[in-house]
Amino acid sequence: ATPTALLVGTGRGAQLGILIKGPEVLESTRKVDTIVLDKTGTVTTGKMALLDVIPADGTPADEVLRLAGALENSSEHPIAQAIAKAAAGQFGALPAPESFGNVEGKGVQGIVDGRGVLVGRESLLADWSVRLPADLATAKASAEAAGRTAVVVSWDGEARGLLVVADAVKPTSAEAIRQFKSLGLVPVLLTGDNRTVAEQIAGEVGIEQVFAEVMPQDKVDVVRRLQDEGKVVAMVGDGVNDAAALAQADLGLAMGTGTDVAIEAADLTLVRGDLRSAADAIRLSRRTLGTIK
Ligand code: ADP
Ligand code: MG
């Protein structure tokens, strides 16, 4: 391709809401055959809302939300913000935790009102040998079957309740995935969330291939594995936990609504956070390069 054609393509990209790091990026865009999509914040809005508080037998529901909210107040995760906001709305001021730790891809842990509190995936509780009683396990499974994420709250070594949160699919996601398919790309969903929720969201938007329960540091390995199979991989993400995978992909695309870390790691930014712009980018590169080659 001539430099002039590539520059024209880059300028056209800006008009379409696509920021391209350098003209050479269009070359790799054209060869892509697989598009890996992060779930939270990419396919979905990432704006979680608290839908339900389900206490264990004998535990007050208020206490589940209050202690969890106090811890989540220190985390920037979309789930954490939904829980902290609901708790602050109900109780006003929340106690400041005596200690706080973030466990990437799993949840948060700390001490609130002298109690050792965990909020997060079941695997976070398992790390502390805390088991989920049958009633909570049943409630969790039915929330997940409905496409919701159920976070477990525990204190003093016992599971005390569930907080059910949900995140809506972006109205543009299904259309974007239809466009990827018509361009001959295979869409793949990649998420740290559990398999049931991941399959539910994938079904809603028309994705058949799903990698779920992938820890943040392992997302890059999924991209590498696809490349080892001979795929030319585009990755779209928004989070700090997507940065390594964005850098590893043949083409990294960041949501303009996402974190700076993701944007820096990517080759291309979708300014409006609209997945359809990724299809525009691929069409643009094929057109730009197709006319000259
Ligand atoms: P994604 O890959 O969809 O962006 P993450 O890797 O950030 O998701 O998180 C994976 C899972 O870990 C979440 O679905 C949730 O169950 C749990 N989790 C992570 N952070 C938190 C938190 N601060 N509070 C509660 N649960 C959390
Ligand atoms: Mg994300």
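Conventions we followed
- Residues numbered from 1 in each chain as written.
- Chains lettered and ligands numbered in written order.
- Predicted model: local features only at pLDDT ≥ 70, side-chain atom pairs only at ≥ 80, totals over all residues.
- Near = placed C-beta within 6 Å.
- Helix = DSSP H or I, 4+ residues; strand = E, 2+ residues; numbered from the N terminus.
- Nonpolar A, V, L, I, M, F, W, Y, C, P; charged D, E, K, R; others polar.
- Domains from an automatic or database assignment.
- Buried ≥ 20, exposed ≤ 12 C-beta atoms within 10 Å, placed from the backbone.
- Contact = placed C-beta atoms within 7 Å.
- Pairing = 2+ DSSP bridges.
- Axes fitted to C-alpha atoms, helices over the stretch in contact; angles between N-to-C directions.
- Parallel < 35°, antiparallel > 145°, perpendicular 65-115°, else oblique.
- Left-handed = near helix turned anticlockwise from the far one by under 90°.

Q: Help me understand the site of ligand 1, please; the structure alone is not making it clear to me.
A: Taken together, 23 residues lie near ligand 1, and T40, H77, A80, G192 and D193 sit nearest. Looking at the shell around ligand 1, the elements that each hand over two or more residues are α3 (39-43), α5 (78-91), β5 (107-112), β6 (115-120) and β7 (149-155). Among the residues making up the shell around ligand 1, the classes are represented as 6 nonpolar, 11 polar and 6 charged. For the shell around ligand 1, the two domains that each supply at least three residues are domain 1 (3-45 + 169-290) and domain 2 (49-166).

Q: Looking at this structure, I do not really get the domain arrangement of the protein. What am I missing?
A: Its domain assignment divides the protein into domain 1 (3-45 + 169-290) and domain 2 (49-166). Here the C-alpha centroids of domain 1 and domain 2 sit 31 Å apart. For the side of domain 1 that touches domain 2, the element with the most residues is helix α9 (residues 195-205), which contributes 4 residues. Residues of the side of domain 1 that touches domain 2, tallied by class, amount to 4 nonpolar, 7 polar and 1 charged.

Q: Just to check I follow, could you spell out the environment of A139 for this structure?
A: For A139, the position within the fold is in helix α7 (residues 134-145). Under the C-beta neighbour-count criterion, A139 is labelled partly exposed, with 19 such atoms within 10 Å. Along the sequence, A139 and L162 sit 23 residues apart, while their C-alpha atoms lie 8.2 Å from each other. When neighbours within four sequence positions are excluded, A139 is seen to be in contact with I54 and L162.

Q: In this structure, what is going on with the sheet that holds strand β10 (residues 209-211)? I would like to understand it.
A: Within a sheet, neighbouring strands are paired by backbone hydrogen bonds and run either parallel or antiparallel to one another. The mixed open sheet is built from 7 strands, whose spatial order is β1-β13-β12-β11-β2-β9-β10. At either margin of the open sheet sits one strand with a lone partner, and together these are β1 (18-20) and β10. Sheet twist, expressed as the mean angle between neighbouring strand axes with direction ignored, is 20°. Alignment of strand β2 (residues 34-38) against strand β9 (residues 186-190), held across 5 bridges, turns out to be parallel. In the sheet register, D38 faces β9, and the bridge partner there is L190. With respect to the sheet, helix α10 (residues 219-228) is in contact with β2, β9, β10 and β11 (233-237), its orientation differing from that of β11 by roughly 160°.

Q: Whenever I open this one, the packing of helix α4 (residues 61-72) against α5 confuses me. Can you help?
A: The angle between the axes and the distance between the axes are what describe a pair of packed helices. Relative to each other, α4 and α5 sit at 125°, their axes nearing to 8 Å. The angle between α4 and α5 falls in the class oblique. Where α4 crosses over α5, the two elements pack in a sense that is left-handed. Here L65, R66, A68, G69 and E72 of α4 lie close against α5, whose contacting residues are A80, I83, A84, A86, A87, A88, Q90 and F91. Classifying every residue of the contact of α4 with α5 gives 9 nonpolar, 2 polar and 2 charged.

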